[in-house]
Amino acid sequence: MELLGFQQEAANQIADRFFTYIENPLMVDRNTPVPFLQTLVAITGSGKTLMLADTISRIRDGMPLAPVVLWISKGKVVVSQTFENLSVGKYAENLAGFSVLPLLEVTSDHLENADTPVLLVATVGKFAVEDAAADDRKVYRAQLDLAQESLWDQLKKRRTELGQRRPLVVVYDEGHNLSDLQSERLLELAPDALIVASATMTLPPRITNVMNRLRNDKGWEDSNFSTAVSSREVVLSGLVKERISIDGYITPMEPAIDNLLSDMEIAGRAAVAMKLPFRPKAIYVCSTNTVDGMSITEDLKRAFDERQARPILIWRHLVETAKISPDEIAVYCQLKFTKDSPKPRELHLFDGGERDYARFIAGDFKHIIFNLGLQEGWDDPCCGFAYIDKEMASARQITQVVGRVLRQPGAEHYSDPVLNTAHFHIRTDDKGVFDDILNEIRKDLASEHPSIALVVKDEKTRGKHDRIDPNPLRTVPTVGIESSRALKPISRIVQNIIDFHGDTTNVVGQGSRMQVLQSIGEESDSQFEWVEVEHSNRVSARSVFRREIQRSYPGGLRRAGGPINLVDIEDRKFDVLVELGSPAADHFRQKARETVQAYVEHSVVFQNDIDSPYAVGPVAIDVNGYEEFKKSLHSCYSGLNGLEIKFARALDKTQRLWVRNPVGSGYSLPLLSEGKAYWPDFLVWVDKAVVAIDTKGDHLLVEATASKLFDIEGTKKGKGLVLRLISEGEVAITNGSVQKKSKHGYTVWSWANGKLKSHHCDNEKEAVEQAFQLS
């Protein structure tokens, strides 16, 4: 799977830091290194598993011996999904050459083979016990038919046939579950690296000790321990939703669920209208058997239609009142029944926990009732709605559920904001409780999901529309990248790549010198010494070439193609195995950079008048704060910054139709030189043209003018799309540096015939009129 730019940067940073550290690692004793420690801090839905897989692949590529990787997590469901994804699923190609196995299936042959990297997947329950000697876990027992020592002891030694100890990298996914006991067990293995990933991090004391050693002896600071992924980049990529809407209720359960179903119906109609291949789903979080004012035993004696257990009440309301088919509803909890009052046949109950998970997934249910037991491992991007009952309404439990509703279906934002929003309907006993919960949620979201907008509704604002339809309807010509002219130059570059088959000199690199622990002597009285190894693992030239393409052209336009799509990547020249520090690898990297350069130079941005144009869709507003306009396609907007609000008011006075273009889900333009997309602030209909206006402050001006103003082929004078940039003050750009002549007025920038032009205006009114000049 191709990585997005921010994912590649994170994987590269972790791997680069590892190689810097491993050249001169700290030691606990002669045979035990202080492990390289890194936390990958990224919000739910950012692709942590993909980033970790690519990191491991990069580490493998640069090591002298094929490493052993122990990939662990807490829950069986998460581990099962991880094993499938890494072994045969969507991330398998990112770990090409790895032997991916469940931990208990590894044999001594796997560990002795220095040429094949092995990745072992397990839950912490396989080894995290207080008394290893007394425990019956297989990992501690000798497998007499395979070896004379336990698997755990073999992992500690991980000795090759030549007596060298293989590097060990421990990856802990969902690392917020890491305990002190688990840390102690893992450190017993003398790992070379410990990489922990989670949206939120709290490290146990044993890991803190490792951090203190690195601080004291290596001078590491807090920033050296973590690789943080920008939540804004994740949101803009389309991997997660843009907004979180929280609707609070101090009412019976039924009105809250009815409002959820009403919002869900709107989202479903939007998905149908856009011909999307999914339909929204909802979860309902509640206690399982607890009943107000009654014991569980007493409730169990009642007939089903008299039961008061929350899952039953929710199920009955969905089926009997909302007329939803029981086949669309799953109850995933240990809901109790008796022989005298059995479960109705049409109620789909999954009360076996992890044992029932595969059967539950196969059902593809649209409404899921559960009690938080489903929160880790179930990642269905179609789930955009959540009802949280009063017993579960705490800030901590709600933030835990956020991750289940945050992923974006199709990994892209849509023109209707209802499909880009995570909808929460929370029922509490009184307003004070809701206010307290809301304050805590604001704090958590500010630290964990700072780039996701939060919208709050209550009895006062619930009737106000936060989704505004455009009126009148307007369209904008689509713009794309035409790269056919780059095909021949790129083909010539590939033809000039040297074929290194049969070359035994240039495929070998000097690289960085690393030390490997080597046993000396017979097994009974062997000693260990550190020996230097110069050479790294060999990888395919194809992998080297692809990585350099990704590094040089890291943007998110992968859906539109890119340089790699014009390369015959199956050419046998790419089959050769090279060391990363070899002249051959350098040659392939250089050719990859030339490929990117040729793609940018010979491709063009063009107006596509054949495909359907972009139709302006609804926008989301904050009902607690917005401004109304008269000539905009939407009656009001919210969330504009100071510069944007000035120009929104100025545009409204021109009597021309205009629209505020939302970032992420609105109209986007490709930035050819960067492989990214950008969303202009405003679109204005001027005669037969559409003027796209972007407003920028000084600190962003050089970057903006260098990338956001360009010629668009296929447009006729006075027609199609026209690009304009407006900056504060009287500004000039000389040799790439901004020179502000005065703070007065604004500068309007345009691009014509390959040249950048500027025009100073005294006020917003003059600036927008200048932007409308099409000649």
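Coordinates for the structure precede this section.
An account of the accompanying structure is given in this report.

About the thresholds
Residues numbered from 1 in each chain as written. Predicted model: local features only at pLDDT ≥ 70, side-chain atom pairs only at ≥ 80, totals over all residues. Heavy atoms only, no water. Helix = DSSP H or I, 4+ residues; strand = E, 2+ residues; numbered from the N terminus. Buried < 20%, exposed > 50% of the residue type's maximum accessible area, 1.4 Å probe, protein only. Contact = heavy atoms within 4.5 Å. Areas by Shrake-Rupley, 256 points an atom, 1.4 Å probe, with all protein chains shown as cover. Core = buried A, V, L, I, M, F, W, Y, C linked by side-chain atoms within 4.5 Å. Polar contact = N/O pair within 3.5 Å; in protein donor to acceptor, adjacent residues only side chain to side chain. Axes fitted to C-alpha atoms, helices over the stretch in contact; angles between N-to-C directions. Parallel < 35°, antiparallel > 145°, perpendicular 65-115°, else oblique. Left-handed = near helix turned anticlockwise from the far one by under 90°. Nonpolar A, V, L, I, M, F, W, Y, C, P; charged D, E, K, R; others polar. Pairing = 2+ DSSP bridges.

1. Description of the overall build of the protein
From N to C terminus, the protein includes 21 helices and 37 strands. Split into buried and exposed, the 775 residues of the protein put 55% on the buried side. Considering only contacts in the protein between residues 6 or more positions apart, those separated by 24 or more positions represent 71%. With an accessible surface of roughly 34,300 Å², the protein has 47% of that area assigned to carbon and sulfur atoms.

2. Thoughts on the environment of T297
Among the secondary structure elements, T297 is positioned in helix α11 (residues 296–300). Judged by relative accessible area, T297 falls into the exposed class, the value being 51%. Sequence separation between T297 and K336 is 39 residues, and the spatial gap between their C-alpha atoms is 9.7 Å.

3. Quick notes on helix α6 (residues 180–188)
Owing to its 3.6 residues per turn, the α-helix brings residues three or four apart onto one side. What α6 keeps buried is the set Q182, S183, R185, L186 and L187. On its buried face, α6 sits against β4 (68–73), α5 (151–157), β7 (168–172) and α7 (205–218). A positive backbone phi angle near 55° is found at A190, which sits one or two residues after α6.

4. Some words on the nonpolar core
Within the largest apolar cluster, 105 residues are counted, with the highest numbers of intra-cluster contacts made by I283 and F424. By residue number, the principal contributor to this core is helix α1 (residues 5–22), which donates eight residues. Setting aside residues no more than four positions away along its own chain, F424 makes contact with I244, S245, I246, D247, A386, I388, V401, V402 and V405. In terms of nonpolar packing, the next biggest core, distinct from the first, is built from 77 residues, V539, Y553, A592 and L633 among them.

5. A closer look at the environment of F500
Structurally, F500 can be placed in the loop between α16 (487–495) and β21 (514–520). Among the residues examined, F500 registers a relative accessible area of 5% and is labelled buried. Here the alpha-carbon distance between F500 and V576, two residues 76 residues apart in the chain, equals 6.5 Å.

6. Topic: the side chain of S341
Counting through the fold element by element, S341 comes out in the loop between β12 (329–332) and β13 (348–349). On the basis of relative accessible area, S341 is assigned to the buried category, the value being 7%. A polar contact is formed between the side chain of S341 and the backbone oxygen of R302, at a distance of 2.7 Å. If we ignore the near neighbours within four places in the chain, the residues touching S341 are L300, R302, A303 and F304.

7. Quick word on the packing of helix α10 (residues 253–273) against helix α12 (residues 310–321)
At their nearest, the axes of α10 and α12 sit 11 Å apart, and the two run at 50° to each other. Considering their axes alone, α10 and α12 lie oblique with respect to each other. In terms of crossing hand, the pair formed by α10 and α12 is right-handed. Judged by residue contacts, M253, E254, I257, D258 and L261 of α10 engage L313, I314, H317 and L318 from α12. When its residues are assigned to classes, the contact of α10 with α12 shows six nonpolar, one polar and two charged.

8. Observations regarding the sheet that holds β12
Read across the open sheet, the eight strands follow the order β13-β12-β14-β11-β15-β16-β10-β17; overall the sheet is parallel. In the strand order of this sheet, the two ends are held by β13 and β17 (453–457), each with one partner. Note: β12 against β13, two bridges, orientation parallel. Looking at β13, one finds that V331 is bridged to L349. Where α10 meets the sheet, it contacts β10 (243–249), β11 (281–285), β14 (367–370), β15 (383–388) and β16 (421–427), and its direction lies at approximately 175° from that of β15.

9. Thoughts on unusual backbone geometry
Between N471 and the following residue, P472, the backbone shows a cis peptide bond with an omega angle of 5°. Among the structural elements, P472 can be located in the loop between β18 (467–468) and β19 (475–476). Although it is not a glycine, D364 sits at a positive phi angle of roughly 50°. Looking at where D364 falls in the secondary structure, it is placed in the loop between α13 (357–363) and β14. Exposure remark for D364: the relative accessible area of 42% places this residue in the partly exposed category. Although it is not a glycine, D687 adopts a positive phi angle of roughly 55°. With respect to the secondary-structure elements, D687 resides in the loop between β33 (682–686) and β34 (689–696).

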